[in-house]
Amino acid sequence: MKKCRFPSLLAAVILLAALFLPMSAAAVEDPGLTCRNAILIDATYDEVLYDKGAYDKVYPASITKVMTALLVLEAVDAGELTLDTPITATAEALEVPEGSSTAKIQVGDTYTLEQYLYCLLLPSGNEVAQILAIAVDGSVEAFVDHMNQRAEELGCEGTHFANPHGYHDENHYTTAYDITRFMKAAMEYDLFQTILTSPNYTLPANGVSEERIIRNTNALTSNWTYTQYLYGPGTGGKTGTTDEAGCCLVETARKGDMYLISVILGAEEVKQADGSTDARQFSETIKLLNWGFDNFQRVTLSPDEALVAKVKVNLSTQADEVNVKPLGSITRTLPKDIDLEQVEMVPSLFSESVDAPVEAGQVLGILTIRYDGTEYGRLDLVADTSVERSDFLYYKHQVETFFQNAGVRLLLVVVLAVVVIVLLRVLVFRKRRRYRSGVGMGAGRRGHYSGRRRR
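Residues numbered from 1 in each chain as written. Predicted model: local features only at pLDDT ≥ 70, side-chain atom pairs only at ≥ 80, totals over all residues. Heavy atoms only, no water.

**Q** Can you lay out unusual backbone geometry for me, pointing to particular residues and giving the numbers?
**A** If a residue is not glycine, its phi is most likely negative; likewise, a peptide bond is most likely trans. Ala356 connects to Pro357 through a cis peptide bond whose omega is 5°. A positive phi is found at Lys104, a non-glycine position, where the angle reads about 60°. Within the secondary structure, Lys104 is located in the loop between strand 3 (86-88) and strand 4 (110-112). The exposed category is assigned to Lys104, whose relative accessible area is 64%. One non-glycine residue, Leu315, adopts positive backbone phi at about 65°. Relative to the assigned elements, Leu315 resides in the loop between strand 13 (309-314) and strand 14 (321-326). Leu315 sits in the buried class, given a relative accessible area of 13%. (Helix = DSSP H or I, 4+ residues; strand = E, 2+ residues; numbered from the N terminus. Buried < 20%, exposed > 50% of the residue type's maximum accessible area, 1.4 Å probe, protein only.)

Below you can see the structure in the form of structure tokens.
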């Protein structure tokens, strides 16, 4: 690939290149997380800002219930259910594995679908996940199939669900990145956000159970279990904990125009020297979100005037070359501290020359941006101006091209050879005829003469 040929233009192009730097490649200090897996994304633009084993197979525990809630809300959107639909808990739905987290629903409890969503997401009721699964698809098994189908539609390539609640199963797994996919989809529902940001919720009496309060397990929203983790920018999250998954949290947060989703998986709760507990699913979530807000910003640049190369133009008397430049505007979430000197700009032209006519905006190559040996973005390189074609040069070129064709040349050789052979045969034939004609006449005269007598 060709490097930029024009030093005077290189500075402008290097500024453009900064917009394509990967988040991990910039000079930003690592947040120093101790959890097994983590990811931070700019959710508005689906750009990964931090990745620690984000594509590894992991167990999601009760974060699974985000997908369960998403399918319930989509069923409401489709008109299959309403938020006011009454649902009565059955003994079948309440059969959950021993040690499950529950919302303490009893057989015969009747709540609306909306009330059950609160029971699903705040105290993380496993039995509620099954109640809702049956309400949506008729059976838990059918609902699990639905979950896997929806995960595939959302682009979750490393996910397979085995149940609607997240109780440990070897065949129930996902990735930190995939969690951001279904969390972002669920966050598009206002009710989902409202529930996640509710510290508690009052369930009314229903004839079986008395009125009671259920609490949010997310310490960034509720100080019921822990008092030191309330987080102002937080806009809702979901916890999950099993022995195999560790302590987990997916959280969303906003500051100004910046919307982030973080996922912490495989964290631990660590006893401190003062006897307090550091619940790192919460502390490291706050650390990661603050790291994102403090170190990144949205940058927009229009590089239309940055010419980076020239392409030779054939078949024109108007111009013998055309300038090419990157097309469009670039907007990225970038580290605030970027080492521009390490950016490599590589304009790669489709060809060193192009035949006229050339239209302004015609794509003539690709501008590749690399940093530390890794490619981070591409822009089309387009013609800066139009160039008209010369008809005389075009038809002259067509004739030359016609006779330069190997097939045409071979045909001409064959034709020429045939002509030569025909001419030679004609000449030889005529010569033979003349020769034969001459021999016959001489023989006749000699015969007549020899017949005369001498005297």
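**Q** If you had to explain helix 2 (residues 64-77) to someone new, which residues and values would you point to?
**A** Compared with an ideal rise of 1.5 Å per residue, which puts 14 residues at 20 Å, helix 2 spans 21 Å between its outermost C-alpha atoms and is within 8% of the ideal. Where burial is concerned, most of helix 2 is hidden: 12 out of the 14 residues are buried. At the C-terminal side of helix 2, Gly79 shows a positive phi close to 80°. (Expected span 1.5 Å × (residues − 1).)

**Q** Which residues make up the environment of Ala267, and what values go with them?
**A** Considering the arrangement of structural elements, one finds Ala267 in strand 9 (residues 258-267). With a relative accessible area of 4%, Ala267 lands in the buried category. Between the C-alpha atoms of Ala267 and Gly246, which are 21 residues apart in sequence, the distance is 5.7 Å. Dropping the residues within four chain positions of it, Ala267 is found in contact with Cys35, Gly246, Cys247, Arg280 and Gln281. (Contact = heavy atoms within 4.5 Å.)

**Q** Tell me what's going on with the packing of helix 2 against helix 5 (residues 140-153), and back it up with residues and numbers.
**A** Running from N to C, helix 2 and helix 5 cross one another at 95°; their axes reach a closest spacing of 10 Å. Relative to helix 5, the element helix 2 is oriented roughly perpendicular. For the pair formed by helix 2 and helix 5, the contact residues are Thr64, Met67, Thr68, Leu71 and Glu74 on the first element and Phe143, His146, Met147, Arg150 and Ala151 on the second. Residues that form the contact of helix 2 with helix 5 fall into these classes: 5 nonpolar, 3 polar and 2 charged. (Axes fitted to C-alpha atoms, helices over the stretch in contact; angles between N-to-C directions. Parallel < 35°, antiparallel > 145°, perpendicular 65-115°, else oblique. Nonpolar A, V, L, I, M, F, W, Y, C, P; charged D, E, K, R; others polar.)

**Q** Describe the nonpolar core, naming the residues involved and giving the relevant values.
**A** By size, the foremost hydrophobic cluster in this structure holds 67 residues, and its most contacted members are Ile105, Tyr116, Leu117, Leu132 and Phe192. Look past the residues within four positions of Leu117 in its chain and what remains in contact with it is Ala69, Val72, Leu73, Leu83, Leu132, Leu191 and Ile195. Counting residues in hydrophobic clusters, the runner-up holds 27 residues, among them Leu33, Leu49, Tyr231 and Leu288. (Core = buried A, V, L, I, M, F, W, Y, C linked by side-chain atoms within 4.5 Å.)

**Q** Run through the packing of helix 2 against helix 4 (residues 126-137), naming residues and quoting values.
**A** The description of two packed helices rests on the angle between their axes and on the distance between the axes. The N-to-C vectors of helix 2 and helix 4 enclose an angle of 30°; their axes lie 10 Å apart at closest approach. Judged by the inter-axis angle, helix 2 sits roughly parallel to helix 4. Of the two elements, helix 2 crosses helix 4, and the hand of that crossing is left-handed. Facing helix 2, whose interface residues are Lys65, Thr68, Val72 and Ala75, helix 4 presents Asn126, Ala129, Leu132 and Val136. Grouping the amino acids of the contact of helix 2 with helix 4 by side-chain chemistry returns 5 nonpolar, 2 polar and 1 charged. (Left-handed = near helix turned anticlockwise from the far one by under 90°.)

**Q** Give a description of the packing of aromatic side chains that names residues and reports values.
**A** Taken as a whole, this structure holds 9 aromatic pairs when the rule is applied. For the pair Tyr229 and Phe282, a centre-to-centre distance of 5.6 Å together with 40° between the ring planes defines the contact as tilted. Residue Tyr229 is located in the loop between strand 6 (212-215) and strand 7 (234-242), and its partner Phe282 is located in helix 8 (residues 280-295); the two are separated by 53 residues in the primary sequence. Pair check on accessibility: Tyr229 and Phe282 agree, each one buried. Look at Trp291 and Phe296: their rings are 5.1 Å apart centre to centre, the planes differ by 65°, and that puts the pair in the edge-to-face class. Like Phe296, Trp291 is buried. Put simply, the rings of Tyr50, Trp291 and Phe296 touch in pairs and so form one group of aromatic residues. Its end group placed over the ring of Tyr259, Arg254 keeps NZ or CZ at 3.9 Å from the ring centre. (Phe/Tyr/Trp six-rings, centres within 6.5 Å; stacked < 30°, edge-to-face > 60°. Lys NZ or Arg CZ within 6 Å of the ring centre and 35° of its normal.)

**Q** An account of a negative patch on the surface is needed here, citing residue identities and associated values.
**A** Taken together, Glu92, Glu95, Glu141 and Asp145 make up a surface patch of like negative charges. Secondary-structure assignment places Glu95 in the loop between strand 3 and strand 4. Assessed through its relative accessible area of 60%, Glu95 is described here as exposed. (Patch = residues over 30% accessible without salt bridge, like charges linked within 9 Å, V, L, I, M, F, W, Y side chains within 5 Å. Areas by Shrake-Rupley, 256 points an atom, 1.4 Å probe, with all protein chains shown as cover. Salt bridge = Lys/Arg side-chain N within 4 Å of Asp/Glu carboxyl O. Lys, Arg positive; Asp, Glu negative; His and termini not counted. Charge placed at Lys NZ, Arg CZ, Asp CG, Glu CD.)

**Q** Please give an account of the environment of Thr331 that cites residues and values.
**A** Here Thr331 shows up in strand 15 (residues 330-335). Along the backbone, Thr331 and Tyr45 are 286 residues apart, and their C-alpha atoms lie at a distance of 9.5 Å.

**Q** Hey, could you go over the layout of surface pockets for me, with residue numbers and the actual values?
**A** Taken as a whole, the largest pocket holds about 630 Å³ of empty space. Along its surface, the largest pocket is lined by 35 residues, and Ser101, Pro123, Ser124, Thr217 and Thr239 are the ones closest to its centre. Among the secondary structure elements, those contributing two or more residues to the lining of the largest pocket are strand 6, strand 7 and helix 8. When residues of the lining of the largest pocket are assigned to their parent elements, the largest contribution, 5 residues, is made by strand 7. Classifying every residue of the lining of the largest pocket by side-chain character gives 10 nonpolar, 18 polar and 7 charged. (1 Å grid on protein atoms, 1.4 Å probe; cavity = no way out; pocket = protein on both sides within 12 Å on 5 of 7 lines; lining within 4 Å. Points joined across faces, edges and corners; volume = space filled by probe spheres on them.)

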